[in-house]
Amino acid sequence: MSFTLLRTLPIRVAGNSNALARSFVSKAQPVRAEVNENKTIDLTPPSSKVENSFEVFEEPKRLKPTHNIPVCNLQMRGYLPQQLDFYADFAQRAAYHLGMPCTGTIRLPTQTSHWTVIRSPFVHKKSQENFERKTHKRLLQIKDAHPEVVQRWLRYLTMNAPAGIGMRATTWEFENLDAKK
C-alpha cells in the first residue's frame with residue numbers, strides 16, 4: 001500500500017514534545033512510519049472550551065413576551081416521543097434565534113387507537129391479533145412576534161422536519177381598526 005504525505009500536525013506525545021502526527025492519502029509514494037510501543041499519545045485538544053461543550057444539553061433559552069399576545073400555536077404530532085421532544089427543542093431554539101418569545105413545550109394528551117385483525121382469512125374467527133398505536137402531541141405557542149417572522153420560522157421548521165413528525169400551525173394576525181367619524 002502506498003501513501004502520500006498530506007500535512008503535518010503538531011500533537012503532544014508523552015515524553016517527547018517535538019513529535020509530529022501525519023495525515024496520509026493512499027495511492028502514491030511509500031512512506032514508512034515507525035511506532036514505538038513505549039510512548040502514549042495524548043489527543044486532548046490544546047484549547048478546548050469546556051463551558052460551550054454542554055450548551056446542547058441545556059434547556060433552550062427563551063425570550064419573555066412583552067404584551068403576552070398569542071400569534072401562533074404550533075402543534076406537533078408523532079409516534080416516537082423522543083423524536084418529538086428533540087424537534088420541539090429544535091423549534092424553541094430556532095424561535096429564540098429569530099427573536100420570538102416562545103412558551104415551553106406543552107404536552108398534550110396522547111391519543112391511543114386500538115384495532116383487532118383476524119389472523120386467518122377463512123373460518124378461524126377466534127384467532128385474532130390486537131394492535132395499538134399511540135400518537136404523542138406537543139404544543140408550542142409564539143407570542144408578540146411579527147407575522148412575517150412567524151411565517152419564516154414555520155417555513156424553516158417544515159424544511160428541516162424529520163420523517164414521522166406532522167405539524168399543524170394556527171396563526172393570528174392583528175390589524176388596526178380605523179374608526180371613521
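Residue positions are given per chain, counted from 1 along the sequence in the order it is written. The predicted nature of this model means local features are confined to residues of pLDDT at least 70 and side-chain atom pairs, given and counted, to a pLDDT of 80 or more, with totals for whole chains, interfaces and linings taken over all residues. Hydrogens and waters are ignored; side-chain quantities use all the structure's heavy atoms.

Below, the discussion takes up the pairing of strand β7 (residues 128-143). Two faces make up the sheet, and in a regular strand the side chains alternate between them. In this scheme, strands are said to pair when DSSP sees at least two bridges between them. In DSSP terms, a helix is any run of H or I states spanning at least four residues, a strand is any run of E spanning at least two, and both are numbered starting from the N terminus. With eight bridges connecting them, strand β5 (residues 70-78) and β7 associate as antiparallel partners. Each residue of the ladder has a partner; that of Asn73, found in β7, is Gln141. With eleven bridges connecting them, strand β6 (residues 106-118) and β7 associate as antiparallel partners. Pairing of Ser113 across the sheet is with Arg133, part of β7.

Another point: the sheet that holds β6. Here four strands make up an open sheet; going across it, the order is β6-β7-β5-β8 and the pairing antiparallel. At either end of the open sheet lies a strand with only one pairing partner, and these are β6 and β8 (165-171). Taking the axes of each pair of neighbouring strands and ignoring which way they run, one obtains an average angle of 20° across the sheet. The strands touched by helix α3 (residues 147-159) within the sheet are β5, β7 and β8, with β5 carrying the most contacts at an inclination of about 10°. Axis geometry follows a simple rule: fit a line to the C-alpha atoms, using only the stretch in contact for helices, then measure angles between N-to-C directions, giving values from 0 to 180 degrees. By definition in these notes, contact holds between two residues if any of their heavy atoms fall within 4.5 Å.

Here the expected length of a helix is defined as 1.5 Å per residue gap, with one fewer gap than residues. The end-to-end C-alpha distance of α3 is 18 Å, a good match for the 18 Å that 13 residues give at a rise of 1.5 Å each. Inspection of α3 places Val150, Trp153, Leu154 and Leu157 among the buried residues, and these make up the whole buried set. The arc that holds every buried residue of α3, seen down its axis, measures 100°, which confines them to one face. Residues of α3 that are exposed and angled more than 90 degrees away from the buried face: Glu148, Arg152, Arg155 and Met159. For α3, the elements touching its buried residues are β5, α2 (81-97), β7 and β8. Burial classification: accessible surface area is computed with a 1.4 Å probe over protein chains only, and a residue below 20% of its type maximum counts as buried, one above 50% as exposed, and the rest as partly exposed. As used here, the arc is the angular range of directions from the helix axis to the C-beta atoms.

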